[in-house]
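Examination of the molecular architecture
Below are the chains, spelled out letter by letter.
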Amino acid sequence: MPESLPADFAFSNLTGRPPGPVVSFLSRLLPGVRDVQAQTAPYAQAWAEHNPEALVATGPLWVVLGDSMSQGIGASRYDRGWVGQLAPSLPGHRCVNLSMSGGRIQDVLDLQLPAMASLGVEPALLTVMIGTNDLMSPPHRGGAARRLSTLLDRLPPGTIIGNQPGRYSDALEFNRLIDEAVVHRGQVLAEFRDPRMRGWKGRLAADHFHPNDAGYAVMAEIIGEALTRR
């Protein structure tokens, strides 16, 4: 029998922070950015409603930690992001998605990991996709490596963790830490430096930043390959 999980589990998939100044400015100017940003609250609500249903179901527990990519922002529906598109390849699993649009590494440490711990059950599968918002924000970029090191120390062996496709210095250091964790801590890499992540024509949402359904399909494919290696 599966271990029981709290049926009254409540978790908000919103950080409570407003969008950053650049996104706020672009939202006023560009309808595509505004339309994609408008998905944040309804997609968070959809996952908040989905999670308690998953907890009272049976089957292996899959917990998702991360940012807007794991919320599915940019997709046509909340469940057409990479999480929703990967789910059919995990028959019988119930997914609890604790990601947050705009999420940073510190949100995983302070909010998402404690929420996972409150379930009282070790997940059969843990996926973590985080770091883009840290690396893109000058005020948060400087401590990204330190925060990532703390996070990697707290993730169990077998965690599937995505790296950064960028080749700039901060991304390279970020990826170096993940590569070390794969070797020394038994974590499993979702390799986003893959050539499939370079050609985004026809695979971006209206904000020209988040993936659309087709872009998320590529991410689901890469994460599925990591799952096979695991």
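Quick look at the structure, then.

We now examine the nonpolar core. By size, the foremost hydrophobic cluster in this structure holds 33 residues, and its most contacted members are V63, L65, L98, L113, V128, L151 and L155. Secondary structure elements with two or more residues in this core: α3 (40-56), β1 (61-66), α6 (105-118), β3 (125-129), α9 (144-154) and α10 (169-185). Residue contributions to this core peak at six residues, all from α6. Other than its neighbours up to four places away in sequence, L151 contacts I105, V108, L109, L113, V128 and I130.

This part takes up α3. Residues separated by three or four positions in an α-helix point in the same direction, a consequence of the helix having 3.6 residues per turn. Compared with the 24 Å implied by 1.5 Å per residue over 17 residues, the 25 Å span of α3 between its first and last C-alpha is a close match. Within α3, the full set of buried residues consists of T40, Y43, A44, A46, W47, N51, A54 and L55. Taken end-on, α3 shows its buried residues confined to a sector of 155°, consistent with a single buried face. Exposed and oriented more than 90 degrees from the buried face of α3 are E53 and V56. Elements that come into contact with the buried residues of α3 comprise α2 (31-37), α4 (68-71), α5 (82-86) and β2 (94-97).

How each quantity is defined
- Residues numbered from 1 in each chain as written.
- Predicted model: local features only at pLDDT ≥ 70, side-chain atom pairs only at ≥ 80, totals over all residues.
- Heavy atoms only, no water.
- Core = buried A, V, L, I, M, F, W, Y, C linked by side-chain atoms within 4.5 Å.
- Buried < 20%, exposed > 50% of the residue type's maximum accessible area, 1.4 Å probe, protein only.
- Helix = DSSP H or I, 4+ residues; strand = E, 2+ residues; numbered from the N terminus.
- Contact = heavy atoms within 4.5 Å.
- Expected span 1.5 Å × (residues − 1).
- Arc of directions from axis to C-beta.

Keep in mind these values describe shape, not function.
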